[in-house]
Amino acid sequence: MYSPRYSSYLIDLMDWLPEDHMAMYTSGVASQTCTYKGRWVGLPLTVHFDVLYSNMDLLNKYEKDIPKTWDELIKTGKFILENERKNGNEDLLGYNGLFADQESGMISALEFIYSFRKTKDAPFPKYTDQEAVDALNKIKELKDALSSDIIFKMEEEITIEKLFDGKAIFIKFFDAWNVHPSYKKSILVGNKEGVSASSLGGSNIGINKYISDERKKGAVEALKFITSYDTQKFLVINYKAGSGINALYDDEEVCKEYDCNLAKGIQFIARPSALTNDYDEYSRTLRRYLNEFLYGDKDAVEALNEINDITRIYDIPINYSESSVGFIIFILTIVIMLIILSSLIFLFIRKYKEYYNFFSLDLWIIIFTGYIITLFCVFTEYGEVKRWKCHLKYLFISLGLTLIFIPMLYKLLVNFPYNDENNKFFGWINQKRNKIIFISFFLIYEIVFLFLRIIPSYEIKYHYIHDGKNYETCKINKVFGYILIYLIMIEKIIILLLISLLIFMEWNILNSSTDIKLMTTSIYITILMLILSILYKNKTSICSYH
């Protein structure tokens, strides 16, 4: 269960154990609990699984067969329970459930849902699938028909008592031996005949990778002995312990002492310990939502959505059925981009040229391009957060703002009413051939920094929201990356300050008064939007973000 948690401290056994030894386990259930990210971090000492204990004395008394589906189990159990209680047998347990607020409750829930998959080879159903909804409703139906809230909440010790006193019709528990002779073991039932489920338990052994090679070699030899065919065979025959070696269940000597057909019929499901960094918290939270359904008024769909949200990572979808806000923003962004592009037409219509004469045609095109590129950053917010999206988002914002601001700065400098004819800078800036040099300087500066920004890699930061919606964000994982961001921000602030200063100084120039005022509005709106964006990013939770 904890292989993912401790995997970083354990050696990869594939590099240390002989190939033929590992081959005994790679084809079996051990791959579900002993591997993590392609590494074999352990081998099973024993394998435990759940089975159904059926009281054959009672089944034979009422001429009933061992059930093969949950519906058959409910029908048979209800019939026997009603008749036995008519005869005064009030101590008889219909079905134990094992849905206590312990790990056994987590196991029972996983088994029940897995037993509702459509076919034997189908994967574990999603919590949002109808199979999961049907499974939870069937659990409650089973509880109400054969048991009670009190019995379902019973701890394992009470179940063990029932295994030895024979006072139950059906019991779900680990494969055990020397139980009451009235019980017969079979695989757990499912929604359909032939489909079953059993939680994979047991004990695994791994080897610490931080010990010396000499000690590793000694540990490997010990592990090789403990997990060898002969040792595992001894444990199965003498202690009735399940094994991760499938070939043992075809061994005649083993099958004389152990129910090999039962073991081979088990359909295992491992606990989802790799889903989260804190499986224990995941299990507790899942059980809380489940219990609110089983013992409260919450419906199955609501409980399953909350269970799904424990590990689900939310993003901003484009699909209207998933997020109307995301869809509307997407459409609005496209509409705004089309409006900006279509407005370029007015630059080429003679009667409107007088309204666009403050900037030259090439400067207008650069500004419009900047607005389009800046808007592209909206699209990087959709879908799963990826590192390349993180790079693109900041590229679009930074490059777009540069293309918007630099033509403004250039025109304000050209428009500045300087009196000193010996001022070399204003003399240089007013020469048309230097326009490209001026703009190119800032673009080269931008491009250099954007390429440098590729060096510090982004990491995807996971945000867990208790009883809420989890999400991910971009985060730079190196100091160098933060330095580059601050340098780019400082550059933008300096440009904005220069533009603001020049606007103030040129406010009363009559032939450009209207354009200056419109530019001021544009700058103020841009600054306001940047401030709101920073505040939004730092303070907003996923509830409003989504």
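These numbers were taken from a predicted model, which means no experiment stands behind them.

Undergrad: Where do I start with the confidence of the model for the protein in this structure?
TA: Note: predicted coordinates in regions of low pLDDT should not be interpreted at a detailed level. Summing up the model confidence of the protein, the mean pLDDT is 89 and the portion of residues at 70 or higher is 96%. Contacts for the low-pLDDT stretch residues 539–546, under 50 throughout, to residues beyond four places or in other chains number 17 contacts.

Undergrad: In this structure, what is going on with the pattern of salt bridges? I would like to understand it.
TA: Two side chains of opposite charge can pair, provided their charged atoms sit close to one another. One pass over the structure, following the stated rule, counts 29 salt bridges. The partner of E193 in a salt bridge is K68, with the nearest N and O atoms 3.6 Å apart. Of this pair, E193 sits in the loop between β7 (183–186) and β8 (198–199) while K68 sits in the loop between α4 (56–61) and α5 (70–86); the two residues are 125 residues apart in sequence, bridging distant segments of the chain. Owing to a relative accessible area of 47%, K68 belongs among the partly exposed residues under this scheme. A salt bridge links D362 to K435, with the nearest nitrogen and oxygen atoms 3.0 Å apart. With D362 in helix α17 (residues 361–375) and K435 in helix α20 (residues 435–454), the pair connects residues that are 73 residues apart, well separated along the chain. Overall, the relative accessible area of 35% leaves D362 in the partly exposed class. On the basis of relative accessible area, K435 is assigned to the buried category, the value being 15%. When salt bridges with common partners are traced through the structure, they connect R288, E292, K298, E306 and D467 into a single cluster.

Undergrad: Where do I start with the layout of surface pockets in this structure?
TA: Taking a probe equal in size to a water molecule and rolling it over the atoms shows the remaining empty space. Here the second largest pocket is characterised by a volume of approximately 540 Å³. In this structure, the second largest pocket is lined by 21 residues; those nearest its centre are A274, L275, T276, N277 and D278. Contributions of two or more residues to the lining of the second largest pocket are made by α1 (3–6), α14 (279–294) and α15 (300–311). With 4 residues, the top contributor of residues to the lining of the second largest pocket is α14. In terms of residue class, the lining of the second largest pocket is made up of 12 nonpolar, 5 polar and 4 charged.

Undergrad: When you look at the sheet that holds strand β13 (residues 470–476) in this model, what are you seeing that I'm missing?
TA: The strand order across the open sheet built from 3 strands is β11-β13-β12, with neighbouring strands paired in mixed fashion. Of all the strands in the sheet, the pair left with one neighbour each is β11 (313–314) and β12 (458–463). Summarising the sheet, β12 and β13 pair through 6 bridges and their orientation is antiparallel. Following the sheet pairing, H463 is matched in β13 by Y471. Where α15 meets the sheet, it contacts β11, β12 and β13, and its direction lies at approximately 15° from that of β13.

What counts, and where the lines are drawn
- All residue numbers here refer to positions counted from 1 along the written sequence of the relevant chain.
- The predicted nature of this model means local features are confined to residues of pLDDT at least 70 and side-chain atom pairs, given and counted, to a pLDDT of 80 or more, with totals for whole chains, interfaces and linings taken over all residues.
- The side-chain values count all of the structure's non-hydrogen atoms but skip hydrogen atoms and water molecules.
- For every residue, the predictor states its confidence as a pLDDT score lying anywhere from 0 to 100.
- Any two residues whose heavy atoms approach within 4.5 Å are treated as being in contact.
- By definition, a salt bridge exists where a carboxyl oxygen of Asp or Glu is found within 4 Å of a side-chain nitrogen of Lys or Arg.
- Runs of H or I in DSSP of at least four residues are treated as helices and runs of E of at least two as strands, each being numbered from the N terminus.
- Type-normalised accessible area, obtained with a 1.4 Å probe on protein chains alone, sets the label of each residue: buried when under 20%, exposed when over 50%, and partly exposed for intermediate values.
- Grid points spaced at 1 Å and placed over the protein atoms alone form the basis of the search, with a cavity being a set where a 1.4 Å probe fits but cannot get out and a pocket an open set showing protein on both sides within 12 Å along at least five of seven lines. Lining residues have an atom within 4 Å of a point.
- Grid points are joined across faces, edges and corners, and a volume is the space filled by probe spheres set on the points.
- Residues are sorted three ways: Asp, Glu, Lys and Arg are charged, Ala, Val, Leu, Ile, Met, Phe, Trp, Tyr, Cys and Pro are nonpolar, and all the rest, Gly among them, are polar.
- When DSSP finds two or more bridges between a pair of strands, those strands are recorded as paired.
- Axis definition: a line fitted to C-alpha atoms, over the contacting stretch in the case of helices. Angles run 0 to 180 degrees between N-to-C directions.

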